[in-house]
Amino acid sequence: MRLKDRVAIVVGAGQSPGEGMGNGRATALTFAREGAKVLCVDHNLKSAQETVEMIGANQGTAMAFKADVTKEAEIKAMVADAHSRWGRIDILHNNVGVSLSGGDAELLEITEEAFDRCVAINLKSCILAAKHVIPIMRAQKSGAIINISSMAVITTYPYVAYKATKAAMVSFTEQLAYQNAAYGIRANVILPGLMNTPMAVDTRARTFKKTRAEVEAERDAKVPLGKKMGTGWDVANAALFLASDEASFITGVTLPVDGGASVRRG
Amino acid sequence: MTRLAGKTALITGASSGIGRAIATRFLAEGATLLLMDITEAVVEGGEPTHKILDVPFFQGDVSNEKDVDEAVRRAALPTGRLDIVVNDAVIRIGKKLTDTSLEEWNRVMAVNLAGVFLMCRAAVRQMLTQEIRHEARGRIVNISSQHGMISSPEDVSYGTSKAGVVYLTRQIAADYGRDSIICNAVAPGKILTGKTGRAVEPRWLDYSHARTPLPRLGRSEDVANAALFLASDEATFITGENLMVDGGWMAG
C-alpha cells in the first residue's frame, strides 16, 4: 500500500448529481485503498457520506465532514478535525471547483455575484486550506498538497471566472512549493482535461438541455488520445502518484491529465 | 509489485545511472525487459546491469538506424508486442558555444535527438501493428531534462538536444493519440546517479543545491518512479507531457 497510515483531507469528496464517478470521490477511494485515513469534506454532507460508505465497504478508514470552504472558520474546523482525529495531516487534496454550476459566464454576461462566488469556491478555498494545513506540515517536516486546477488554464475556455481562478491556482501552487520545500513539503497541481464526470457532463446536459449521450459524444470527439474523455480514476491515479513517496523529488509541477488536448491547441 | 505485469519494455542507456534504475524498477514491477546500451560497462561501477538483473542485453548505438530497428525487433520477439520504450541513452560534451566543434555538436544531436527519433519511429511502427490493451497500443517515455527549458550551464549542445526531445514528445503524442499511442517525457533536475567527474564538481553541486528548493538532490530512483507511473496503466489519460522531477527547481 502506497499511502499506508497517511492522513489525507480530500476537499470536494462528494460529487454533483449525475452518473458515474467524480474526480474527488475517485481520489478519496484511491487514497483509502492505498491505506490512507481520509477526511471526506464536502458542502453536501450526504454526498461525502456516500463516499465514506463506499470506502467502508472496502475496509478503508474515512470520515465525512461538512464544510462550506468559502468560510475560513469552516476550513479551520476541517483541518482541526482531521488533526485531532488522526494526529497528523500528510496530504491535502483541493478538489473543489465550479464553473457553470457556480454561475460562471462569458465576460459580458458575468455578474459580480457569480464572479465572487467562483473566486471564493475555486481560489480562496484552496489558499485558505493551505494556510491552515501548512503549520501542521511544517511541524511534521513533511506533507503533500495537490491542487486540482484545469486544462482550461492552457487551452481555450469560454467562461471567465473559471479560467482566471484556475490559472491563479497554478501560480499559487508554485509559490507554495517554493516557499515550503525547505520544510519537506511538496505542492503540485493537476490540470484535468475533458472528463466524463457528473459535474462536467451532467451539468452541461442540464444547462444546455441535451442528453448525456450528446454531451459525451461532443466531448469525446475533442480528445486526441483515443477520442475518449478521461475518468475520475485518471485524476485519482495522478493524485496518488503525486501524494506518494514515489514523487518525493517532485514539487511545483503542473501535470495535465488531458488525453493530449493541451499539446494540440485550437 | 505487478504494475507492469505482462508488459514488454525496451530501455536504452540501460547499463548505467537513471537507465539502470528504470530497468531495476520495471523488472521489480513484472515487466519483460530488453536492455540496450552502447556498452555493458557501468558508469558508476560494478557488475553489468543485465547480469545483475538476469535480463537480455542488446549492445547497440541508438544513433545507428539498423541497431535501433534490430533492438525493437528483438524486444518484441518474446511476446509479439512492445508495450513500453524508454529513451534514456545520452551523451554530453560539457562545452560552451564558442568551444564546441561541429563534430561534437553533431555527435550529441545524433545520440540525444536523432537516437530518440529513430527509436520512437521504430517503436511506433511496431506499436501500430498491435492491438489496444488497457487503453493503449503502446507507450513511450523519453528522458528529457530541465536543460532545454532552463539553460544547461556551459553545455549548449546538450540543452538544445533535450529541448528537441520535449518537442518530439509533444508531436508524437499529438499525431498518434488517435491510435492510442501514449508518449510522455520525464525531465530530471539535478540527479546524483553515482557518476563522477564534471557531474559532481563542487561548483556544479553548490549551484544545484542553491537552485533546488527541496532539501536534497535527486536520485536515479526518483526518475525511475516517474517513468514507472507514465509507463503503467495508471496513466492512460496523460500524453504529450514533460513531467519535471527536479525538486522544485523550475517552480522557483
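Because the structure is predicted, anything quoted here is derived from the model rather than measured.

**What about the overall build of chain A?**
Tallying secondary structure elements over chain A gives 8 helices and 7 strands in all. For 266 residues, the compact-globule estimate of 2.2 N^0.38 gives 18 Å, and the C-alpha radius of gyration of chain A, at 17 Å, lies within 12% of that figure. Each principal axis of the C-alpha distribution contributes one length, and for chain A these read about 45 × 40 × 35 Å. Relative to its 266 residues, chain A shows a buried fraction of 60%. Once local pairs closer than 6 in sequence are excluded, the contacts in chain A between residues at least 24 apart make up 74%.

**Structural notes on the overall build of chain B**
In terms of helices and strands, chain B carries 7 helices and 9 strands. Taking 18 Å as the expected radius of gyration for a compact globule of 252 residues, we find that chain B reaches 17 Å, a close match to that expectation. If one aligns the C-alpha atoms of chain B with their principal axes, the spans along those axes are about 50 × 35 × 35 Å. A total of 252 residues make up chain B; the buried ones form 59% of that total. Relative to all contacts within chain B whose residues are 6 or more apart in sequence, the contacts with residues 24 or more apart total 74%. Only carbon and sulfur atoms are counted for the fraction: they give 53% of the accessible area of chain B, which is about 10000 Å². Here chain B carries 28 positive and 30 negative side-chain charges, and the mean point of each set is 1 Å from the other.

**Points about the sheet that holds strand β4 (residues 91-94) of chain A**
Sheets are built from strands that pair by backbone hydrogen bonding, the pairs being arranged parallel or antiparallel. All names here are of chain A. The parallel open sheet is built from 7 strands, whose spatial order is β3-β2-β1-β4-β5-β6-β7. One side of each edge strand has no neighbouring strand; the edge strands of this open sheet are β3 (61-66) and β7 (254-257). Mean inter-strand twist for the sheet, computed between neighbouring axes without regard to direction, equals 20°. Looking at chain direction, strand β1 (residues 7-11) and β4 are connected through 4 bridges and run parallel. For Ile9, the partnering residue across the bridge sits in β4 and is Leu92. Each of β4, β5 (143-148), β6 (185-192) and β7 is contacted by helix α8 (residues 232-243), which is oriented at about 165° to β6, the strand it contacts most.

**Brief notes about the interface of chain A and chain B**
Taken together, the contact between chain A and chain B spans 38 residues of the former and 39 residues of the latter. In terms of surface lost to chain B, no three residues of chain A exceed Leu225, Phe249 and Val263 of chain A, which account for 26% of the buried area on that side. Counting every contact that joins chain A to chain B gives 3 salt bridges. A salt bridge links Glu234 of chain B to Arg2 of chain A, with the shortest nitrogen-to-oxygen separation between them at 2.6 Å. If you look at where chain A meets chain B, you find 13 residue pairs in polar contact (both at pLDDT 80 or more).

**Examining the layout of surface pockets**
Residues and elements named next belong to chain B. Estimates place the volume of the second largest pocket at around 1200 Å³. Along its surface, the second largest pocket is lined by 50 residues, and Val90, Arg92, Tyr158, Thr193 and Lys195 are the ones closest to its centre. Within the residue set of the lining of the second largest pocket, elements represented by two or more residues are α1 (17-28), β2 (32-37), α4 (102-127), α5 (156-176), β7 (191-192) and α6 (202-211). In terms of residue class, the lining of the second largest pocket is made up of 22 nonpolar, 18 polar and 10 charged.

**A look at empty space enclosed by the protein**
All names here are of chain B. Overall, the coordinates contain 1 cavity of 30 Å³ or more when judged by the stated rule. By volume, the largest cavity amounts to about 40 Å³. Forming the walls of the largest cavity are Lys7, Arg81, Asp83, Arg133, His134, Ala136, Arg137, Gly138, Arg139 and Asp233. Here the residues of the lining of the largest cavity sort into 1 nonpolar, 2 polar and 7 charged.

**Observations regarding the nonpolar core**
Phe31 of chain A together with Phe26 of chain B are the most contacted members of the largest nonpolar core, which has 83 residues in total. Aside from chain neighbours lying at most four places away, what touches Phe31 of chain A is Leu3, Ala8, Val10, Ala36, Val38, Ile91, His93, Ile146, Ala239, Leu240 and Ala243 of chain A. Counting residues in hydrophobic clusters, the runner-up holds 32 residues, among them Ile9, Val41, Met169 and Phe172 of chain A.

Conventions we followed
- Residues numbered from 1 in each chain as written.
- Chains lettered and ligands numbered in written order.
- Predicted model: local features only at pLDDT ≥ 70, side-chain atom pairs only at ≥ 80, totals over all residues.
- Heavy atoms only, no water.
- Helix = DSSP H or I, 4+ residues; strand = E, 2+ residues; numbered from the N terminus.
- Rg over C-alpha atoms; globule rule 2.2 N^0.38 Å.
- Buried < 20%, exposed > 50% of the residue type's maximum accessible area, 1.4 Å probe, protein only.
- Contact = heavy atoms within 4.5 Å.
- Areas by Shrake-Rupley, 256 points an atom, 1.4 Å probe, with all protein chains shown as cover.
- Lys, Arg positive; Asp, Glu negative; His and termini not counted.
- Charge placed at Lys NZ, Arg CZ, Asp CG, Glu CD.
- Pairing = 2+ DSSP bridges.
- Axes fitted to C-alpha atoms, helices over the stretch in contact; angles between N-to-C directions.
- Buried area = accessible area lost by both parts, 1.4 Å probe.
- Salt bridge = Lys/Arg side-chain N within 4 Å of Asp/Glu carboxyl O.
- Polar contact = N/O pair within 3.5 Å; in protein donor to acceptor, adjacent residues only side chain to side chain.
- 1 Å grid on protein atoms, 1.4 Å probe; cavity = no way out; pocket = protein on both sides within 12 Å on 5 of 7 lines; lining within 4 Å.
- Points joined across faces, edges and corners; volume = space filled by probe spheres on them.
- Nonpolar A, V, L, I, M, F, W, Y, C, P; charged D, E, K, R; others polar.
- Core = buried A, V, L, I, M, F, W, Y, C linked by side-chain atoms within 4.5 Å.

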